[in-house]
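What follows is each chain in one-letter form.
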Amino acid sequence: MTGAHLVTKKSANKMWGGRFSASPADVMEEINASIDFDKVLSPQDIRGSKAHAAMLAQQGIITKSDAREITKGLDKVAEEIAAGKFKYSRALEDVHMNIENRLRELIGPAAGRLHTARSRNDQVATDFRLYVRDKIDGFAGALLALQQALVEKAEAHADTVMPGFTHLQPAQPVTFGHHLLAYVEMFGRDRSRFGDARARLNESPLGSAALAGTSFPIDRKQTAVALDFDRPMANSLDGVSDRDFILETLATASICAMHLSRLAEELVIWSTPQFGFIVLSDRFSTGSSIMPQKRNPDAAELTRAKIGRIAGAFQSLLMVMKGLPLAYSKDMQEDKEVAFDALAHMHTALAAMTGMISDLEPVPETMRAAAGRGYSTATDLADWLVRELKLPFRDAHHVTGQIVKMAEDQGLELEKLPLAEMQKAEPKITKAVFTVLSVENSVKSRKSFGGTAPQNVRKMARAWLKRLEKDLEKV
């Protein structure tokens, strides 16, 4: 089919003025329209337009009477959107033209003055920054809630012994509280990264116009202040073409989702009958349509999977932007759909994880039994040989290996191996060695800063609770 056959018989598109003598082909509407997804920017678009109208009136570019009518009309549009009564049209392409068209229906010709000294290029860049900033603020609160749930659970289980793993093999005993506090640290870094991204995005592109600025005597500082930006962006080309702010936010979200995925993976493993370390609540589990005994950790599994969507969105937008010359290209319309999807799933994953952590119940006796298997106090034995017998660590490591082999051959845990057997490997060993071979004594001995000793865990948990309380006051 030729291009001529695709052209409709409708009149020229009024949005683009008199330059075009025919409307776009039907398939052009399909590929070009963004209203199906960018309508979520409606609150930000209205906020930006009200700030722009106020500035135009202040600068004498439009009358104050027109500005009042525009503001009143935009408030009416906002009410219709909030009530679900606003009718979006694909023929009007995007959220900006839908709102402007309805504004014209409500207040007449004055609506046409709103777009003075502004382009859809700087308009969408402003809306998108406002939207992403709002999402980051939401993530800050959600991460604080997750950290608080983790810290409270950690403090309650500062003494609950569990195996620590490397290579998913038993390594050394730790406490459940210490393990949970590791994720508190991770999510603290995520919160910091989101804060950094917010600080960098908080500049206003409004007033950059299409790409070169405007000849009208606008006051970009006024609109920046009105929209709670720190300052206007310094270069109009950068103002309309920059998408670093969403790339950085998606990169940060990808790291955060990776942390969520790691924790979700552990919840999945720990909740299996083979481990039995925790019980997830019914609120975050599902059953099977055929196997009545099943309790599936679906919330954890779905949280684990979110990293694919979120990191995929980052890669998708990176590929969109990598070859674009300055300034704006229509390719950049592809920045929103993946971003909206990723940020929505980020919010869901944080909420789901917070709920799972708050509700889960550890099984201390199972954790304790597992911590004692696999010769997890072997390092404590080696340290004792160094500390008490003054053996070089490499020699102590070798002796400990021999003792572990003896215990393994006899089917005994280290603390059950007779002293006489140990003395075959090192005659100087005394019965005092048994003070370090229990898992409880092992974790108690790890008092170095950042170590797993219960007293450390309680101290760190309390410090985190105070810090989180202060941070919550700022949200």
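Above this text is the structure in question.
If you're wondering where the values come from, they're calculated on a predicted model, not measured in any experiment. (Residues numbered from 1 in each chain as written. Predicted model: local features only at pLDDT ≥ 70, side-chain atom pairs only at ≥ 80, totals over all residues. Heavy atoms only, no water.)

**Quick word on the pairing of strand S2 (residues 169-175)**
As defined by bridge partners, strand S1 (residues 161-166) adjoins S2 across six bridges and the pair is classed as antiparallel. Each bridged residue has a counterpart across the sheet, and for Gly164 the counterpart in S2 is Gln172. Between the end of S1 and the start of S2, which pair antiparallel, lie two residues, with His167 showing a positive phi angle near 60°. (Pairing = 2+ DSSP bridges. Helix = DSSP H or I, 4+ residues; strand = E, 2+ residues; numbered from the N terminus.)

**Considering helix H5 (residues 64-82)**
Taking 1.5 Å of rise per residue, 19 residues should cover 27 Å, and H5 covers 27 Å from first to last C-alpha, within 8% of that figure. Among the residues of H5, those classed as buried are Asp66, Ala67, Ile70, Gly73, Leu74, Val77 and Glu80. Taken down its axis, H5 places every buried residue within 140° of arc, on the same side. The exposed set on the far side of H5, more than 90 degrees from its buried face, consists of Lys64, Arg68, Lys72, Glu79 and Ala82. Residues of H5 that are buried in the fold lie against helix H4 (42-58) and helix H6 (95-107). (Expected span 1.5 Å × (residues − 1). Buried < 20%, exposed > 50% of the residue type's maximum accessible area, 1.4 Å probe, protein only. Arc of directions from axis to C-beta. Contact = heavy atoms within 4.5 Å.)

**Description of the packing of helix H7 (residues 120-156) against helix H8 (residues 176-201)**
The N-to-C vectors of H7 and H8 enclose an angle of 165°; their axes lie 9 Å apart at closest approach. It follows that H7 is roughly antiparallel to H8 by the angle criterion. In the packing of H7 onto H8, the handedness of the crossing is left-handed. (Axes fitted to C-alpha atoms, helices over the stretch in contact; angles between N-to-C directions. Parallel < 35°, antiparallel > 145°, perpendicular 65-115°, else oblique. Left-handed = near helix turned anticlockwise from the far one by under 90°.)

**Section: the packing of aromatic side chains**
Counted by the stated rule, this structure contains nine aromatic pairs. With a centroid separation of 6.2 Å and 55° between ring planes, the pair formed by Phe165 and Phe275 is classed as tilted. A residue pair is termed long-range when its members are at least 10 positions apart, and Phe165 in strand S1 and Phe275 in the loop between helix H11 (244-270) and strand S5 (278-279) qualify at 110 residues. With relative accessibility at 27%, the residue Phe165 sits in the partly exposed group. Classification of Phe275 as partly exposed rests on a relative accessible area of 23%. Counting every residue linked through ring pairs, the aromatic cluster contains Phe128, Tyr131, Phe245 and Phe340. When the ring centre of Phe128 is taken as reference, the NZ or CZ atom of Lys336 above it lies at 5.6 Å. (Phe/Tyr/Trp six-rings, centres within 6.5 Å; stacked < 30°, edge-to-face > 60°. Lys NZ or Arg CZ within 6 Å of the ring centre and 35° of its normal.)

**A word on the side chain of Asn456**
Structurally, Asn456 can be placed in helix H19 (residues 454-474). The residues contacting Asn456, other than those within four sequence positions of it, are Arg446, Lys447, Ser448, Gly450 and Gly451.

**Describing the pattern of salt bridges**
Counted according to the given criterion, the structure contains 30 salt bridges. A salt bridge links Arg113 to Asp66; the shortest N-O distance between them is 3.2 Å. Note that Arg113 is positioned in the loop between H6 and H7 and Asp66 in helix H5, a separation of 47 residues in sequence. With relative accessibility at 39%, the residue Arg113 sits in the partly exposed group. Residue Asp66 is classed as buried on the basis of its relative accessible area, which comes to 13%. Measuring nitrogen to oxygen at the nearest pair gives 3.1 Å for the salt bridge that ties Glu93 to Arg120. Residue Glu93 is located in the loop between H5 and H6, and its partner Arg120 is located in helix H7; the two are separated by 27 residues in the primary sequence. On the basis of relative accessible area, Glu93 is assigned to the buried category, the value being 7%. (Salt bridge = Lys/Arg side-chain N within 4 Å of Asp/Glu carboxyl O.)

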